[in-house]
Amino acid sequence: MSEWGAYTEEVLDQFQQHICILDKDGEILFINKAWKVFAAENGASSNAFKGANYLRVANQADKEAKTFISEIKKILAGKIRHSEVHYPCHSPTEKRWFKATARPLKLKDKLYVLVIHENESDKFKSVAEKEQLNKKLKAEQQRLLQIFNEAPVSMAIVKGKDHVFQAANEAYYRLTNRTPDIIGKNVREVFPELEGHGYLEWLNKVYITGETFSGNEILFYFYPEGSDELEERYLNFVYQPYRNEEGAIEGIFYTGVDVTEQVVARKKIEESESRLSSIFENSNYSTLLWKVESNGYYFEEINSNAIAFFGVDVSKNELIGMSAQSFFRKYLHLKISESKWIDRYDAVKSSKKIMSFNYEVEGANGSIITEESIIPIFDKEEVTHILVITRDITDLRKDQQLLVEASEKTSRFARELNRILEEERAHWAREIHDEFGQQLSGIKMSLATLSRINFEPEASQLIISDVVKSLEDATRALKSFSTQLRPGILDSLGISGAVEWLVDEFERKSGIKTNKRINENGISIDGDVSIAIFRVCQETLNNIHKHAKASLVEVVFQINEKEIILEITDNGIGMSRSKLNDPFSMGILGMRERAQLTGGSLEIDSEEDKYTKIKYHQLVKNL
C-alpha cells in the first residue's frame with residue numbers, strides 16, 4: 001500500500017491528464033490510468049512506468065524537458081513551489097503539444113512532486129505560435145522570479161485573511177532569520193514573537209480596507225535562528241494589497257528595508273552629542289567648541305561658564321553658528337586683541353598640536369590670571385574643530401607662590417637647625433675632650449707612676465695594669481664619641497684631610513682594601529658643606545662595612561673652581577631597586593637631606609651582586 005492510499009490512486013485514475021508522483025530522488029512511485037494508456041498507445045518503453053527515474057529519462061529529451069527537470073529539482077530543494085512548461089510531443093500521425101506542470105506534495109512529513117502532463121494541442125493554431133508564447137512566458141517568469149529573489153530589499157507575498165505565505169525572497173529570509181519552510185504557513189504561525197505588538201493588526205487593516213500602509217524606522221523583534229532571545233530590527237516597509245481578476249483583495253505584497261545600522265548609528269550619535277553637551281554644560285571651566293570652516297571659526301557649542309567668563313549678555317542659542325570674528329568684535333572685552341585669538345587658532349590648526357597660553361584679564365573683582373588650552377580635533381587627519389578650555393588659575397598661582405615661600409622658609413629653618421645642632425655637638429665634644437679627656441689622662445699618668453714604685457706585691461701590679469688598659473680604652477671611646485658628635489678633625493685638617501682620615505680609619509677597622517684619590521686644589525669651602533660631605537662619607541663607609549660584603553672600595557674627592565665631587569664605589573652585593581626607592585631608609589634619606597640643605601645633590605647607582613656607587617655633587621656657585 002502506498003503512503004497516500006488506494007483511495008487517492010483511484011481518484012487520480014479518474015483524471016484525463018497524465019499524472020505521476022515522484023520521490024525526492026525523481027523515481028516514479030505512481031502513474032495514473034491515463035498515463036499508462038498514453039504510454040502503451042505510443043509505444044513507450046519501461047522508462048515511462050513505475051520504478052523508472054523520471055529526472056534521468058526526461059533530462060535526455062529536448063530543451064523544454066531539461067528546463068522542466070531543472071525546476072523539479074528546485075521544487076525538491078524548496079526553492080520554488082510550481083513549474084510549468086509547454087512542449088511539442090508529435091506522433092507519426094499528428095502534431096501535438098502538451099503542458100507539463102509540477103507542484104510539491106507533502107505527505108506525512110515527506111516531500112514528493114506531483115507531475116501532470118496535459119494535451120493542449122487544440123489551444124494553439126500552430127507550432128510557431130505555441131513555441132513563441134512558451135518562450136515569452138518562460139522568459140517573463142524567469143525575469144520576474146530573478147528580480148524578486150535577487151532584490152536587495154526584503155519582499156514577501158501573503159494570501160488570504162490569515163496571511164499565508166506564498167513567496168519570499170532571500171533578503172526576507174536573511175532579515176527574519178527564517179527559511180523557505182515558511183511557505184504555506186500563516187504569519188501568526190511563523191512569527192509568534194510579533195503577537196501583541198500591532199504588526200498583525202496592520203496586516204488585517206490593509207487586507208480589510210485595501211489601503212496601503214507604510215512605516216518608517218519601525219522596531220520589530222525577531223528570534224534569531226537557534227536562539228530564544230529577541231533581536232531588534234528597525235525597518236522601513238510597505239504593506240501593499242493586491243487584487244484578483246474580480247477586483248477582490250487576494251493578499252498583501254510586503255517590501256521592506258533593514259535600517260537598523262543607520263538607526264542605531266544615529267541614536268549613538270545623538271547620545272554622544274547629548275553626553276558632549278552635558279559635559280560642556282557641567283564643566284567647571286569655560287569651555288567652547290569652534291567648527292573650522294574655510295572662511296573662519298564658528299561656534300558649535302559653548303557652556304554657561306564660558307559665557308559668564310566673557311562677561312557677555314547673550315544666550316547660548318544666539319552664539320551657536322556665529323563666527324569668531326563677529327563674536328570678538330561685538331562682545332569681547334578682554335585686553336588681548338582679536339587678531340591674536342585668531343592667530344592662535346590658526347597656529348593650532350596648522351601645527352595640529354595642543355597649545356596652552358597664560359594671560360591676564362580684567363574681571364569684576366580685579367585682575368584674573370587664566371590658563372587657556374587650545375585642542376585640535378581631527379577627522380581623517382584634517383582639523384575639523386577646535387576645543388578651547390579656559391580656567392581661572394589666580395588662586396593656584398597664589399598657592400604656588402605661597403608654597404615656594406614656605407619651601408624657602410623650611411629650607412632656611414632646616415639649615416639653621418642643622419647649624420645649631422652642629423654647634424651644640426661641637427660644644428659637647430670640646431667639653432668631653434677637655435674635661436674627661438684630661439682627667440683620664442691624669443689618672444693614667446698617676447697609675448703609670450705608681451706601677452714603677454715597687455712597694456706593692458706582684459698582684460697589685462697586675463691590677464694596676466688592668467686599670468691602665470681600661471683607662472686607655474675609655475680614652476679611645478671618648479675620643480670616638482667626640483668625633484661622632486662633632487668632627488673636630490675638620491677644624492684641624494680641613495675637609496680633604498678629614499675625608500682621608502675617614503678612609504684610613506675605615507680600612508684599618510674593616511680590613512677592606514681602599515683606593516683613594518683626593519684633590520682640593522687649595523680651595524676653601526663653607527663649614528656647613530664640609531660637615532655635609534664629612535657625614536655623607538662617614539655614613540657611606542659605615543654602610544659598606546656593615547652591609548656591602550665588599551673586598552674593594554674606591555673613594556674620589558675633588559674640589560675645583562666649579563664643583564665639589566665625592567664619589568664612593570664598592571664591589572659588594574649592591575642594593576635592590578626597592579631599597580634605593582624606600583622612603584623609610586633613614587640612612588639614604590639622611591644623606592639626601594644633608595645634600596639638599598646645602599644646595600647639593602646625592603645620586604645612588606647600584607646593581608645587585610655587582611656594585612654600589614654614591615655620588616655627592618655640589619656646584620661652587622651655589623655656596
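The paragraphs below set out a description of the structure included in this document.

Conventions used here
- Residues numbered from 1 in each chain as written.
- Predicted model: local features only at pLDDT ≥ 70, side-chain atom pairs only at ≥ 80, totals over all residues.
- Heavy atoms only, no water.
- Helix = DSSP H or I, 4+ residues; strand = E, 2+ residues; numbered from the N terminus.
- Buried < 20%, exposed > 50% of the residue type's maximum accessible area, 1.4 Å probe, protein only.
- Areas by Shrake-Rupley, 256 points an atom, 1.4 Å probe, with all protein chains shown as cover.
- Pairing = 2+ DSSP bridges.
- Axes fitted to C-alpha atoms, helices over the stretch in contact; angles between N-to-C directions.
- Contact = heavy atoms within 4.5 Å.
- Phe/Tyr/Trp six-rings, centres within 6.5 Å; stacked < 30°, edge-to-face > 60°.
- Patch = residues over 30% accessible without salt bridge, like charges linked within 9 Å, V, L, I, M, F, W, Y side chains within 5 Å.
- Salt bridge = Lys/Arg side-chain N within 4 Å of Asp/Glu carboxyl O.
- Lys, Arg positive; Asp, Glu negative; His and termini not counted.
- Charge placed at Lys NZ, Arg CZ, Asp CG, Glu CD.
- Core = buried A, V, L, I, M, F, W, Y, C linked by side-chain atoms within 4.5 Å.
- Arc of directions from axis to C-beta.
- Parallel < 35°, antiparallel > 145°, perpendicular 65-115°, else oblique.
- Nonpolar A, V, L, I, M, F, W, Y, C, P; charged D, E, K, R; others polar.
- Expected span 1.5 Å × (residues − 1).

Our focus in this paragraph is the overall build of the protein chain. Looking only at helices and strands, the protein chain has 19 helices and 20 strands in total. Expressed as a percentage of the 623 residues in the protein chain, the buried residues total 36%. In the structure as shown, the protein chain presents an accessible area of about 37200 Å², 51% of it carried by carbon and sulfur atoms.

This paragraph deals with the sheet that holds strand 4 (residues 97-107). Taken together, the five strands give an open sheet; going across it, the order is 2-1-5-4-3, and neighbouring strands pair in antiparallel fashion. Edge positions in the sheet fall to strand 2 (28-31) and strand 3 (83-88), since each of these pairs with one other strand and no more. Taking each pair of neighbouring strands and ignoring which way they run, the sheet shows an average axis angle of 25 degrees. One ladder, built from five bridges, connects strand 1 (residues 18-22) with strand 5 (residues 110-119); its direction is antiparallel. Counterpart to Ile21 in the pairing with strand 5 is Leu114. Packing of helix 1 (residues 5-13) onto the sheet brings it into contact with strand 1 and strand 2, and relative to strand 2 it is tilted by some 55 degrees.

Turning to the packing of aromatic side chains, a few remarks are in order. How two aromatic rings sit relative to each other is set out by the distance from centre to centre and by the angle between their planes. Applying the stated criterion across every chain, the model contains 22 aromatic pairs. Between Phe165 and Tyr172, the aromatic rings sit 5.8 Å apart at their centres with planes inclined by 55 degrees, giving tilted as the arrangement. Note on accessibility: Phe165 and Tyr172 belong to one class, buried. Each ring, one from Trp202 and one from Phe213, has its centre 4.8 Å from the other, and the planes form 25 degrees; the classification is stacked. Of this pair, Trp202 sits in helix 8 (residues 199-209) while Phe213 sits in strand 8 (residues 213-222), placing them eleven residues apart in sequence.

There is a patch of like positive charges on the surface, built from Arg81, Arg103, Lys106 and Lys185. Here Lys185 is to be found in the loop between helix 6 (170-176) and helix 7 (187-190).

Within soluble globular proteins, side chains that are nonpolar tend to cluster in buried spots. Counting residues in hydrophobic clusters, the biggest one holds 36 residues, and the most contacted among them are Ile495, Ile533, Leu541, Leu566 and Tyr616. Listed by contribution, the elements that provide at least two residues to this core are helix 16 (489-510), helix 17 (527-548), strand 17 (552-559), strand 18 (563-570), helix 19 (586-597), strand 19 (601-607) and strand 20 (611-619). When residues no more than four places from it in sequence are discounted, the contact partners of Ile533 are Ile495, Val499, Ile525, Phe557, Ile564, Leu566 and Tyr616. By size, the runner-up hydrophobic cluster in this structure holds 26 residues, among which are Phe299, Tyr331, Tyr345 and Val383.

An α-helical segment advances 3.6 residues per turn. Residues three or four places apart therefore align on the same side. All of the buried residues in helix 8 are Tyr199, Leu200, Leu203 and Val206. The buried residues of helix 8 occupy an angular sector of 125 degrees when the element is viewed end-on, so they sit on one face. The exposed set on the far side of helix 8, more than 90 degrees from its buried face, consists of Lys205 and Ile208. Packing partners of the buried residues in helix 8 comprise helix 7, strand 8, strand 9 (231-243) and strand 10 (249-258). Within two residues after helix 8, Gly210 carries a phi angle of roughly 80 degrees, on the positive side.

What follows deals with the environment of Phe357. Checked against the element boundaries, Phe357 lands in strand 13 (residues 355-363). Residues Phe357 and Ser373, 16 residues apart in the sequence, show an inter-C-alpha distance of 6.6 Å. Discounting chain neighbours no more than four positions away, the residues touching Phe357 are Arg344, Thr370, Glu371, Glu372 and Ile374.

Attention shifts here to unusual backbone geometry. In this model, Asn177 sits at a positive phi of 60 degrees, which is unusual for a non-glycine residue. Relative to the helices and strands, Asn177 resides in the loop between helix 6 and helix 7. What makes Asn177 partly exposed here is its relative accessible area of 24%. With a phi angle near 55 degrees, Lys380 is a residue other than glycine that sits in the positive phi range. Counting through the fold element by element, Lys380 comes out in the loop between strand 14 (366-379) and strand 15 (382-392).

Once that is clear, we can look at the pairing of strand 5. When strand 4 meets strand 5, the two strands line up antiparallel, connected through ten bridges. Pairing of Leu107 across the sheet is with Lys110, part of strand 5. A loop of two residues connects strand 4 with strand 5, the two strands running antiparallel in sequence, and Lys108 in this loop sits at a positive phi of about 50 degrees.

Further remarks concern the packing of helix 16 against helix 17. It is the contact of helix 16 with helix 17, at a shortest axis distance of 10 Å, that shows an interaxial angle of 0 degrees. It follows from the interaxial angle that helix 16 and helix 17 lie roughly parallel. Contacts between helix 16 and helix 17 involve Ile489, Leu490, Ile495, Ala498, Val499, Leu502, Val503, Phe506, Lys509 and Ser510 from the first element and Ser530, Ile531, Ile533, Phe534, Cys537, Gln538, Leu541, Ile544 and His545 from the second. Counted by class, the contact of helix 16 with helix 17 contains 14 nonpolar, four polar and one charged residues.

Glancing now at the sheet that holds strand 6 (residues 154-159). Strand order in the open sheet formed by five strands is 7-6-10-9-8, and the pairing between neighbours is antiparallel. Taken across any chain shown, the strands that pair with only one partner, and hence form the sheet edges, are strand 7 (164-168) and strand 8. With strand direction ignored, the average angle separating the axes of adjacent strands in the sheet is 30 degrees. In this structure, strand 6 lies alongside strand 10, joined through six bridges in antiparallel fashion. Note that in strand 10 the partner of Ser154 across the bridge is Gly256. The strands that helix 9 (residues 260-282) touches are strand 8, strand 9 and strand 10; relative to strand 9, the one it contacts most, it runs at about 135 degrees.

Take the pattern of salt bridges next. Enumeration over the complete set of coordinates arrives at 14 salt bridges. Between Glu193 and Arg178 there is a salt bridge, with its nearest N and O atoms 2.6 Å apart. You can see Glu193 sitting in the loop between helix 7 and helix 8 and its partner Arg178 sitting in the loop between helix 6 and helix 7, a full 15 residues away along the chain. The pair formed by Glu193 and Arg178 is uniform in burial state, with each residue classed as buried. Glu607 is the salt-bridge partner of Lys610, the closest N and O atoms lying 3.3 Å from each other.

A few words on a nonpolar patch on the surface. A cluster of nonpolar side chains, Tyr7, Val11 and Phe15, forms an exposed patch at the surface whose accessible area comes to about 320 Å². By the secondary structure assignment, Val11 is in helix 1.

What follows is about helix 4 (residues 63-76). Its 14 residues give helix 4 an end-to-end C-alpha distance of 20 Å, which sits within 8% of 20 Å, the value for a rise of 1.5 Å per residue. Turning to helix 4, its buried residues are Ala65, Phe68, Ile69, Glu71, Ile72 and Ile75. For helix 4, the angular spread of the buried residues around the axis is 165 degrees, confining them to a single face. At the C-terminal side of helix 4, Gly78 shows a positive phi close to 80 degrees.

These figures capture arrangement, not role.
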